[in-house]
Amino acid sequence: MKELLILVVVTVFTLVTYYLVEPFAHATLHKHVESEAFAYADLPAITKLGDATRGKELVLGAGACTGCHSINVADISAPMDAVGAAGAYGVNPPDLSNAGVVYDEKFLNALIKNPAHTLMVEHKFDESKGEMHPMIPFYGAGGDIEQETADMIAYLQSIAVSSEKLTPAMAFENACGRCHGVKYEKWTQVGTKSSFKHKKDELAFDIKVLDYQDSLKAYMGKLPPDLSMYIRSRGEHYISTFMENPQNYLEGTSMPRVGVSADTAEKVIEYLEDAGDTKRHEREETGKYVMIYIIIFAIFGVLWKRQVWRDLH
Amino acid sequence: MAHFTKATSIKDWLNQRLAIEKVEKVLASEYWIPKNINFLWAMGMILVVTFALLLVSGIFLLMYYQPNVDLAFDSVNYTIMREVGYGWLWRHVHGVAASVVFLIIYIHMFTGIYYGSYKKGREMIWISGMLLFIAFSAEAFSGYMLPWGQMSYWAGMVITNLFAGGSLHADGLVEWIRGDYVPAQAFLSRFFMLHVLLIPLAIIGLIGLHFGALRIPHVNNQDGEEIDFDEESKKYLAGDKAGSKVIRFANDFMAKDMMVVGFYLVFFFYLVFYHYGFAMDPVNFDPADGLKTPAHIYPEWYFLWSYEILRPFSTDIGLMAFAFAQVIFMLLPFLDRSPNAVPASRRGLFKYWFWAMLVDMIALTAMGKLPPEGAFSTIGLVAALVFIGLWIALPVITYFEKKA
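Residues numbered from 1 in each chain as written. Chains lettered and ligands numbered in written order. Predicted model: local features only at pLDDT ≥ 70, side-chain atom pairs only at ≥ 80, totals over all residues.

Trainee: Before we go on, may I ask you to explain the overall build of chain A in this structure?
Mentor: Looking only at helices and strands, chain A has 13 helices and two strands in total. Expected size for 313 residues packed as a compact globule is a radius of gyration near 20 Å; at 26 Å, chain A overshoots this value by more than 25%. Seen through its C-alpha atoms, chain A measures out along the principal axes to roughly 95 × 50 × 40 Å. Expressed as a percentage of the 313 residues in chain A, the buried residues total 36%. Restricting the contact set of chain A to residue pairs at least 6 apart, pairs at least 24 apart contribute 76%. (Helix = DSSP H or I, 4+ residues; strand = E, 2+ residues; numbered from the N terminus. Rg over C-alpha atoms; globule rule 2.2 N^0.38 Å. Buried ≥ 20, exposed ≤ 12 C-beta atoms within 10 Å, placed from the backbone. Contact = placed C-beta atoms within 7 Å.)

Trainee: Mind showing me how you'd approach the overall build of chain B here?
Mentor: If you tally the helices and strands in chain B, you get 16 helices and two strands. Taking 22 Å as the expected radius of gyration for a compact globule of 404 residues, we find that chain B reaches 24 Å, a close match to that expectation. Considering only C-alpha atoms, chain B reaches an extent of 70 × 60 × 45 Å along its principal axes. Contacts spanning at least 24 positions in sequence make up 74% of the contacts within chain B whose residues lie at least 6 apart.

Trainee: How should the interface of chain A and chain B be read in this particular structure?
Mentor: One frequent convention defines the size of an interface as the accessible area lost when the parts assemble. In this complex, chain A contributes 40 residues to the contact, which on the side of chain B involves 45 residues. Going through the elements one at a time, helix H1 (2-29), helix H10 (230-233) and helix H13 (280-309) of chain A are the ones with two or more residues in the side of chain A that touches chain B. For the side of chain A that touches chain B, the element with the highest residue contribution is H13 of chain A, accounting for 15 residues. Of the residues assigned to the side of chain A that touches chain B, the class counts are 21 nonpolar, ten polar and nine charged. (Nonpolar A, V, L, I, M, F, W, Y, C, P; charged D, E, K, R; others polar.)

Trainee: How do you make sense of the packing of helix H1 (residues 10-18) of chain B against helix H2 (residues 20-29) of chain B when you look at a structure like this?
Mentor: If you want to describe how two helices pack, look at the angle between their axes and the distance between the axes. Residue and element names in this part refer to chain B. Between H1 and H2, the shortest axis-to-axis distance is 7 Å and the interhelical angle comes to 75°. By the criterion of interaxial angle, the relationship of H1 to H2 is roughly perpendicular. For the pair H1 and H2, contact is made by Leu 14, Asn 15 and Leu 18 and by Ile 20, Glu 21 and Val 23, respectively. Split by residue class, the contact of H1 with H2 holds four nonpolar, one polar and one charged. (Axes fitted to C-alpha atoms, helices over the stretch in contact; angles between N-to-C directions. Parallel < 35°, antiparallel > 145°, perpendicular 65-115°, else oblique.)

Trainee: Can you help me understand the domain arrangement of chain A in this one?
Mentor: Domain annotation of chain A identifies domain 1 (41-278) and domain 2 (279-313). One C-alpha centre belongs to domain 1 of chain A, the other to domain 2 of chain A; they are set 52 Å apart. (Domains from an automatic or database assignment.)

Trainee: How should helix H8 (residues 168-175) of chain A be read in this particular structure?
Mentor: Note that an α-helix has 3.6 residues per turn; residues three or four places apart therefore point the same way. Those residues of H8 of chain A not exposed but buried are Ala 171, Phe 172, Glu 173, Asn 174 and Ala 175 of chain A. Buried positions along H8 of chain A lie against helix H4 (99-102) and helix H12 (262-276) of chain A.

Trainee: Honestly, the nonpolar core in this entry has me stumped. Any pointers?
Mentor: As a rule of thumb, soluble globular proteins bury nonpolar side chains together. Val 260 and Val 268 of chain A are the most contacted members of the largest nonpolar core, which totals 133 residues. The leading source of residues in this core is helix H11 (residues 249-274) of chain B, at 14 residues. Excluding its chain neighbours within four sequence positions, the residues that come into contact with Val 268 of chain A are Ala 171, Phe 172, Ala 175, Cys 176, Met 243 and Val 260 of chain A. One finds Tyr 298, Tyr 302, Trp 305 and Ala 321 of chain B within the second-largest nonpolar core, a separate group that totals 23 residues. (Core = buried A, V, L, I, M, F, W, Y, C linked by C-beta atoms within 7 Å.)

Trainee: Can you help me understand the domain arrangement of chain B in this one?
Mentor: All names here are of chain B. Domain boundaries in chain B define domain 1 (32-289) and domain 2 (304-404). Taking only C-alpha atoms, the centre of domain 1 and the centre of domain 2 are 23 Å apart. Take the side of domain 1 that touches domain 2: its biggest share by element is four residues, from helix H6 (residues 123-145). Residues of the side of domain 1 that touches domain 2, tallied by class, amount to nine nonpolar, five polar and four charged.

Trainee: I tried to follow the environment of Ile 292 of chain A on my own but got confused; where do I start?
Mentor: Examined against the element boundaries, Ile 292 of chain A turns out to sit in helix H13. Overall, Ile 292 of chain A belongs to the exposed group, with 10 C-beta atoms counted inside 10 Å.

Trainee: Just checking my understanding: could you explain unusual backbone geometry for this structure?
Mentor: The bulk of non-glycine residues show a negative phi, and the bulk of peptide bonds are trans. Cis peptide bonds are those with omega within 30 degrees of zero, and the linkage from Ala 250 of chain B to Asn 251 of chain B qualifies with 5°. Within the secondary structure, Asn 251 of chain B is located in helix H11. The phi angle at Lys 186 of chain A is positive, at roughly 60°, despite the residue not being glycine. Mapped onto the secondary structure, Lys 186 of chain A falls in the loop between H8 and strand E1 (187-188). Residue classification places Lys 186 of chain A among the partly exposed residues on the basis of 13 C-beta atoms within 10 Å. Positioned with a positive phi, His 169 of chain B is a non-glycine residue whose angle comes to about 50°. On the secondary structure map, His 169 of chain B appears in the loop between helix H7 (150-161) and helix H8 (171-178).

Trainee: Quick question: what am I supposed to make of the environment of Ser 228 of chain A here?
Mentor: Here Ser 228 of chain A is to be found in the loop between helix H9 (199-220) and H10. Sequence separation between Ser 228 of chain A and Ala 86 of chain A is 142 residues; the distance between their C-alpha atoms is 23 Å.

Trainee: For this particular structure, what's the right way to read helix H2 (residues 52-60) of chain A?
Mentor: All names here are of chain A. Along H2, the residues classified as buried are Gly 55, Lys 56, Leu 58 and Val 59. Taken end-on, H2 shows its buried residues confined to a sector of 165°, consistent with a single buried face. In this fold, the buried residues of H2 make contact with helix H7 (145-159). (Arc of directions from axis to C-beta.)

Trainee: What's the story with the packing of helix H13 (residues 315-328) of chain B against helix H16 (residues 374-399) of chain B in this structure? I'm lost.
Mentor: All names here are of chain B. For the pair H13 and H16, interaxial distance at closest approach is 11 Å and the crossing angle is 50°. Looking at the two axes, H13 sits oblique to H16. Note on packing geometry: the crossing formed by H13 with H16 is left-handed. Together, Ala 321, Phe 324, Ala 325 and Ile 328 of H13 and Ala 384, Phe 387, Ile 388 and Trp 391 of H16 make up the contact between the two elements. Residues of the contact of H13 with H16, tallied by class, amount to eight nonpolar, no polar and no charged. (Left-handed = near helix turned anticlockwise from the far one by under 90°.)

Trainee: Please clarify how the environment of His 169 of chain B should be interpreted in this entry.
Mentor: Take His 169 of chain B: there are 10 C-beta atoms within 10 Å of it, and that puts it in the exposed class. Taking the C-alpha atoms as reference points, His 169 of chain B and Tyr 86 of chain B, 83 residues apart in sequence, are found 47 Å from one another.

Below you can see the structure in the form of structure tokens.
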């Protein structure tokens, strides 16, 4: 009985200390941001039903999207390669093949009409001072602009893969990968770094990355961090809410709101888990067996003690 | 030369050369331990097991770790965590054990304080134990440098800066310790050497001293009773096991130890697989960057109490208070003036002193992590003053303590 009391005292003091230095201290040290469930409540809803055929005409024609963006699934390539585009715009404009599934439709709808506002980077791109966001707003093609953007989104959605077919890597590369490298997944801002047979080819690739990064640095103010270990250094909740609205954590940051759908965000997290917490499934699996083994060990410990101490009492 | 006869068995062969039967008696079957003990007496064995876990996991990590500022972070987070089979397991075992070992050390220490196990000939047990605490602290700190993350770098910066001695401005000493103006390659190399060679050697030596220090005064018991070990062991060997106040180290004491170790390992491996975050600070998963100071720099939880004694004061006074905190526990056997070697509950004012010290150290620990602002600052200052006050009061209250 006395031993039980001692155990309670030791446990209580241990747990109080744990609570104070872990949950309590971390809640005090770090700002807590609630998830907004990727609802983009500040953006207006889409009011019109889009038509993909008309949308296609707009995207390829009057909308002038393909002046900067490639659409690989429609065999439309970009006018410049990634390095050249980064030199011109600061960052390589994304390929639009899967934009319809990666990004939230409400977000796309607002983005087409007012990029700086939708991306929450108006502090950096102030039109009145002549600081234009590199993506030119779509002012309408003569008809009802609401209908036109709805059509364009319908087209983008029609060419995109289904959300089941969107892999974590595709989600990440589209939404984050043009600014962030992930060294542990061999991902660079200009694509996956493969293994090269000749040193010369590898150096040529590295130079491309460095050139791209120089433009990106000038555009963003600093090179956006490599995200290899972010799942361990920031954790799922932080990354997810940060994507939703970076300004909540870092007011004035040049990182835009990403605008992904809730489903894409989950896939981005999965990608980062694969990069920085690769062995999580193995850990859980091994954990079960080790726990079973060690519990059996403890039971034998109790039995042995009882046997030995039978004569001692 | 001794006379050797033809051996009748392997045991006999070894016995003639190594006296293994005698060694076994001295170390195990006739090494007598009091019977009147509780599970807190198993903390020593738990520490041995945890040290073994640290040593074994450390050996595996050492096979892949690269002590180079450009490679260290990736060798840990990429090579060991992703490429090496079960590398992640060794790292998590090592990280969690490094944290949990301090929890057990603190329980072990406070057990010693509560039961007065540092008195009446047991001073060297206490002193060697505190030397082990210092060696483990140095081991933990040097190990924390190795992943070369943000906390490694900045904790290295902050702690080595302490050696400037405030107004003494011994910047030359700081540079000498670092081997550079800032923590860099020379710093990492030497802390690597300290972590994998010099300090482990010191720890192993001190463990030997700590065990040796136990033999003459023997292990204390729950009531601080003075036991005639010769008399009681004779009683045991004569067959009166139930009546004897002593038990064999092996298997009697060992059996109880292993039961507690079993429970402990369930707790330990639960932490390793399902709750390891407390032992691996998130900030240290960002690679070291000398141009980017983290918003909050704090040590691991087991250093927080002494860190908080440093923090609430101005630089010079803080450093003195910090130095005081580092050495004062070592002097406990001499500051406690009472001859009573009984549990704190039977010792008048010391009873309150014990619980006040425990609560105060937990308060210091909590405040050491929180930002030094507002109420946290005040609580931290009060707790630091209480800590110093308690140690000043100790000789006085124990001097006037009645003989139990």
